[in-house]
Amino acid sequence: MEGDRCSSSTSEEKRKQRQQQKEKPFRGIRMRKSWGKWVAETREPNKKSRIFLGSYTTPIAAARAYDTAVFYLHGPAARLNFPDLILQEDDVLSDISAASIRKKAIEVGAKVDALQTSLHHASSSESSNPSRVFQKLDLNKYPESSDED
């Protein structure tokens, strides 16, 4: 009997882990239940306090904000969502306080969020009406002469 309970509890744990992976596609982010936005946050090293990194419309933007903060906190050894996209900029943060890390992470997250949102809107408007792009210009017609001459 004890073996049955042990196996059922491990299968239940595996099910919970799979469910969490579906809900949280990236490290350091979660979806707000009431707003439907993605939130990024991390803990300060050797402290219990958290650094809130902002809320974003896309999980990718939240993950990039998280990556930025964790990179500044832990350096190149940090476990990142997108290790290839971290730019080791020349303007290294001289003040590594929670506020300066939050500011830099929110800056990166906002840029990515704006890009992701604009790409999503552009692709959805083109997919809803792909001929809309070509409505203004018909290459089969001769140019009309203007009467202003």
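Here the structure is a predicted model, which means the values were calculated and not measured.

1. Section: the pairing of strand β3 (residues 50–56)
Consecutive side chains along a regular strand alternate between the two faces of the sheet.
And step 1. Bridge count between strand β2 (residues 38–43) and β3: five bridges; the pairing is antiparallel. Residue pairing for β3: Arg-43 is matched across the bridge by Arg-50.
And step 2. Counting the residues between successive antiparallel strands, the hairpin from β2 to β3 contains six residues, one of them, Asn-46, with a positive phi of roughly 60°.

2. A few points about the nonpolar core
And step 1. Core analysis: the biggest nonpolar cluster contains 23 residues, and Ile-29, Ala-40, Leu-53, Tyr-56, Ala-62 and Leu-80 have the highest contact counts within it.
And step 2. Within the residue set of this core, elements represented by two or more residues are β2, β3, α2 (59–74) and α3 (98–128).
And step 3. Tallying contributions element by element places α2 first for this core, with nine residues.
And step 4. Setting aside residues up to four positions removed in sequence, Ala-40 forms contacts with Gly-28, Ile-29, Ile-51, Phe-52, Leu-53, Gly-54, Tyr-56, Ala-62, Ala-65 and Tyr-66.

3. A few points about the sheet that holds β2
And step 1. Pairing is antiparallel in the open sheet, where three strands are placed in the order β1-β2-β3. Here the strands that pair on one side only, and so sit at the sheet edges, are β1 (29–31) and β3. Going from strand to strand, the sheet's axes swing by 25° on average, the running direction of each strand aside.
And step 2. Contacts from α2 reach β1, β2 and β3, with the element oriented near 15° to β2.

4. Section: the packing of aromatic side chains
And step 1. Under the counting rule described, the total for this entry stands at two aromatic pairs.
And step 2. Ring centres of Phe-71 and Tyr-72 lie 6.0 Å apart, and the angle between their planes is 70°; this geometry places the pair in the edge-to-face category.
And step 3. Taking relative accessible area as the criterion, Tyr-72 reaches 16% and is therefore assigned buried.

5. Digging into the pattern of salt bridges
And step 1. Tallied over the entire structure, the rule returns five salt bridges.
And step 2. Put simply, Glu-44 and Lys-47 hold a salt bridge, and the shortest N to O gap is 3.6 Å.
And step 3. The residue Lys-111 makes a salt bridge to Glu-107 at a minimum N-O spacing of 3.8 Å. Of the two residues, Lys-111 and Glu-107 are both situated in helix α3; the distance of four residues between them amounts to about one turn of the helix.
And step 4. Given the relative accessible area of 54%, Lys-111 is considered exposed.

6. Quick word on the confidence of the model for the protein chain
And step 1. Scored by pLDDT, the protein chain has a mean of 76; 62% of the residues are at 70 or more.
And step 2. Long-range and interchain partners of residues 130–137, a stretch whose pLDDT sits below 50, account for three contacts in this model, where long-range means more than four residues apart.

7. Things to note about the pairing of β2
And step 1. Of all six residues making up β2, five are buried, and the element is well covered by its neighbours.
And step 2. Relative to β2, β1 runs antiparallel, the two sharing three bridges. In the sheet register, Met-31 faces β2, and the bridge partner there is Trp-38.
And step 3. Count of turn residues in the β1/β2 antiparallel hairpin: six residues, of which Gly-36 carries a positive phi of about 80°.

Parameters and conventions
- Residues numbered from 1 in each chain as written.
- Predicted model: local features only at pLDDT ≥ 70, side-chain atom pairs only at ≥ 80, totals over all residues.
- Heavy atoms only, no water.
- Pairing = 2+ DSSP bridges.
- Helix = DSSP H or I, 4+ residues; strand = E, 2+ residues; numbered from the N terminus.
- Core = buried A, V, L, I, M, F, W, Y, C linked by side-chain atoms within 4.5 Å.
- Buried < 20%, exposed > 50% of the residue type's maximum accessible area, 1.4 Å probe, protein only.
- Contact = heavy atoms within 4.5 Å.
- Axes fitted to C-alpha atoms, helices over the stretch in contact; angles between N-to-C directions.
- Phe/Tyr/Trp six-rings, centres within 6.5 Å; stacked < 30°, edge-to-face > 60°.
- Salt bridge = Lys/Arg side-chain N within 4 Å of Asp/Glu carboxyl O.
- pLDDT = per-residue confidence, 0-100.

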